[in-house]
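# Structural description and commentary
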Amino acid sequence: MKNIEKIIAGAKMVLEDNWRFNHTLPSPKVYPFQWNWDTAFIAIGYANFNIERACGEYRSLFKGQWKNGFLPHIVFWDEAKSTEYFPGSSFYDFSRSPNVPKTISTSALTQPPIHAFALEYMYSVSSQDQRIAQLIKELFIPIFNYHSYLYKNRDPKHEGLIYINHPWESGTDNSPVWDDILTSMKPLVPDYDIPALRKDTRHVNFAQRPGNYEYQCYLFLINLFRKQNYDDAAIFENTPFAIQDPLFNALLIRSNESLIKLSGLLGFDDKKDEIRSWNERSIRQLNTKLYDHEAGVYNYFNLKSGKSINKLTSSCLIPLITGAPEKNQIESMIGLLTGSEFSGEARDLFLCPSYDSTAPDFDNKRYWRGPVWINMNWLLIQGLKRHGHIELADRIIRDSIDLILENGFFEYFDPKKEQVSGEKHGYGSDRFSWTASLLIDLYYNHLKS
Ligand code: GLC
């Protein structure tokens, strides 16, 4: 095995190369702006060796927050890059909403609400560094406002479960979970000249990215929201896509837990009761409405059809990061992780594939339809450690490190262990920021000790 210290130095170099004046790009060619949940994963890495950067990263992201608390999934810091990415700020035309920030353009979709959890984690791994305490003091109310926005605007039945209105809001963009809904949208979807509009396939092999029909649907939905001037009530009425996602809701619950902990620490006690009451409801509903007793795992709910979606993705396991699952629920998720679904028939898969490897539409190369993502592994490691499954957490740590050592800092990786010699098994963009930053965190906090 190559020298790990050398690889860590390489990881730091990736972050340095991807840094632009006040934020880190996920990858300069494919994602040339600041992304929402990438910021958390990147700042977690920085918190181990460059606290100023970690804080700067976060302050920049929150400059994009809307007046109603909404936190967009992209902040378009450098308009000159608009020709290199699609859909850019002009497609969103976000100023149709009265809530947008004045000084910077953003997208009008959000991403999983990881931030309070990330900040609590950063505070802890930096040994309670005062600069991170100060950052949390600044961001506590903005994050509280974001959660409050979600409960007010994305929970139409007041269940305590938030819905996402676009596949990109899940963070797992072209998961097979969305397939049936996207197919049912066929009569609605216009005919954009997708191959001409797309920029991603200039840099990444088409076989590793979402298909063109999916892109038609992505654009159709954004256009629909734009026509409603980004008004959530109008969007909910008109959209065919409204899904309660287990990863999104688990991160919200985990972040609420962090806000409760931090509120005592940093003097925001007056918010505690409200956050607690949000969270009690959310945990109850996660464990009932979003839990499939037969499969022994969390699932998705389609608010438009009124039906659960029972496709097994790694998102279905992410509630492990919360205190919600009971012992028997945890055990059955461990069974899936170590069984043929995620470990392969003969334990021949690296953990953790993003989709059930026994499903007929499992695809080991394409984006969120099979490959391993390091951010999902990092979340699973936190969840397994929380519930005392150290050995399995260690296996995921080793698998993550091996994949990066063998292939480089790719965006996602082939879960299949059998390798055709000479072939690289890293896909998507190379020199991807959260792969580098989370390797740094795994090294400092989960490997050395
Ligand atoms: C892809 C991922 C998404 C990520 C973005 C930027 O779209 O699916 O989760 O935030 O890239 O890295």
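Residues numbered from 1 in each chain as written. Predicted model: local features only at pLDDT ≥ 70, side-chain atom pairs only at ≥ 80, totals over all residues. Heavy atoms only, no water.

## Things to note about the packing of helix α2 (residues 36–46) against helix α5 (residues 115–125)
Condition: Inter-axis angles, ranging from 0 to 180 degrees, are taken between N-to-C directions of lines fitted to C-alpha atoms, where helices are fitted over the stretch in contact. For the purposes of this entry, the term helix denotes a DSSP run of H or I that reaches at least four residues, the term strand denotes a run of E that reaches at least two, and both are numbered from the N terminus. Any angle that falls under 35 degrees is termed roughly parallel, while one over 145 is termed roughly antiparallel, one within 65 to 115 roughly perpendicular, and all others oblique. Residue contacts are defined here by distance: any two heavy atoms, one from each residue, within 4.5 Å place the two residues in contact. Put simply, Ala, Val, Leu, Ile, Met, Phe, Trp, Tyr, Cys and Pro go in the nonpolar bin, Asp, Glu, Lys and Arg in the charged bin, and everything else, Gly too, in the polar bin.
In the contact formed by α2 and α5, the axes pass within 9 Å of each other and the chain directions differ by 10 degrees. One element, α2, and the other, α5, form an angle in the roughly parallel class. Within the contact between the two elements, α2 uses N36, W37, A40, A43 and I44 and α5 uses H115, A118, Y121 and M122. In terms of residue class, the contact of α2 with α5 is made up of 7 nonpolar, 2 polar and no charged.

## Thoughts on α2
Definition in use: Each residue is assigned to one of three classes by its accessible area relative to the maximum for its type, calculated with a 1.4 Å probe on protein chains only: buried under 20%, partly exposed between the two thresholds, exposed over 50%.
Most of α2 is tucked away: 11 of the 11 residues are buried. Of the residues making up α2, those classed as buried are N36, W37, D38, T39, A40, F41, I42, A43, I44, G45 and Y46.

## Topic: the packing of aromatic side chains
Just so we agree on the cut-off: Aromatic rings from Phe, Tyr and Trp, taking only the six-membered ring of Trp, are treated as a pair when their centres fall within 6.5 Å; an angle between ring planes under 30 degrees marks them as stacked, one over 60 as edge-to-face, and anything in between as tilted.
Following the criterion strictly, the structure yields 39 aromatic pairs and no others. On the numbers, 4.8 Å between centres and 50 degrees between planes, the contact of W168 with Y218 is tilted. Residue W168 is located in the loop between β5 (163–164) and α7 (179–184), and its partner Y218 is located in helix α9 (residues 212–227); the two are separated by 50 residues in the primary sequence. Classification of W168 as buried rests on a relative accessible area of 4%. Residue Y218 is classed as buried on the basis of its relative accessible area of 0%. Where Y443 meets Y444, the ring centres are 5.2 Å apart and the plane angle is 65 degrees; that geometry is what we call edge-to-face. Accessibility expressed as a relative area gives 5% for Y443, which makes it buried.

## A closer look at the sheet that holds strand β10 (residues 307–309)
The criterion, for reference: Any two strands are treated as partners once DSSP identifies two or more bridges connecting them.
With antiparallel pairing, 4 strands are arranged side by side in an open sheet as β5-β6-β9-β10. Looking at strand neighbours, the two that pair on one side only are β5 and β10, the edges of this open sheet. In this structure, strand β6 (residues 243–244) lies alongside strand β9 (residues 300–302), joined through 2 bridges in antiparallel fashion. The residue bridging Q244 from the neighbouring strand is F301, located in β9.

## Quick look at the site of the ligand
Selection rule: Being near a molecule or strand, for a residue, comes down to having at least one heavy atom within 4 Å of it. Think of a polar contact as two N or O atoms within 3.5 Å of one another; within protein, one of them needs to be a possible hydrogen donor and the other a possible acceptor, and neighboring residues in sequence only count if both atoms come from side chains. Calculation of accessible area relied on Shrake-Rupley with a 1.4 Å probe; when residues are assessed, cover is drawn exclusively from the protein chains displayed.
In the vicinity of the ligand, the residues found are P26, Y31, W35, W37, D38, Q111, G171, D173, Y367, W368, F432 and W434. Between the ligand and W368 there is a distance of 2.8 Å, counted from an oxygen atom to a side-chain nitrogen or oxygen. In the complex, the protein chains occlude 98% of the 310 Å² of accessible area that the ligand would expose alone. Taken together, the residues of the shell around the ligand break down into 8 nonpolar, 2 polar and 2 charged.

## Thoughts on the environment of K199
By the element assignment, K199 lies in the loop between α8 (194–197) and α9. Between the alpha carbons of K199 and S27 there is a distance of 13 Å; along the sequence they are 172 residues apart. With residues near it in sequence (within four places) discarded, K199 still touches T83, E84, Y85 and F86. A polar contact of 3.5 Å, which involves the side chain of K199, links it to the backbone oxygen of L197.

## What about the nonpolar core?
Formally: Throughout this description, the term nonpolar core refers to a set of buried Ala, Val, Leu, Ile, Met, Phe, Trp, Tyr and Cys residues connected via side-chain atoms within 4.5 Å.
Of all hydrophobic cores here, the largest spans 159 residues; its most connected members are Y58, M122, L337, W378 and L379. Top element by residues in this core is helix α6 (residues 130–153). It accounts for 12 residues. If near-sequence neighbours (up to four positions away) are discounted, M122 is found in contact with A43, I44, A47, A54, Y58 and I132.

## Some thoughts on the side chain of H446
Along the chain, H446 turns up in helix α17 (residues 433–447). By relative accessible area, H446 is classed as buried at 10%. Separated by 3.5 Å, the side chains of H446 and Q382 make a polar contact. Within the structure, the side chain of H446 is placed 2.8 Å from the side chain of K385, a separation counted as a polar contact. Every residue in contact with H446, bar those within four places of it in the chain, is listed here: Y121, W378, I381, Q382, K385, I397 and D441.

## Side note on unusual backbone geometry
With an omega dihedral of 0 degrees, the bond running from F86 to P87 counts as a cis peptide bond. A cis amide bond links L351 to the next residue, C352, at an omega of -5 degrees. Structurally, C352 can be placed in the loop between α14 (340–343) and α15 (374–386). Positive phi outside glycine occurs at D93, with the angle close to 45 degrees. Along the chain, D93 turns up in the loop between α4 (89–92) and α5.

## Description of the pattern of salt bridges
Where charged atoms of side chains with opposite charge meet at close range, the side chains can pair. Spelled out, the test is: Any carboxyl oxygen of Asp or Glu within 4 Å of a side-chain nitrogen of Lys or Arg constitutes a salt bridge here.
All chains considered together, the criterion is met by 23 salt bridges. Among the ionic pairs, K271 bridges to D270, the shortest N-O distance being 3.9 Å. Given the relative accessible area of 21%, K271 is considered partly exposed. The exposed category is assigned to D270, whose relative accessible area is 61%.

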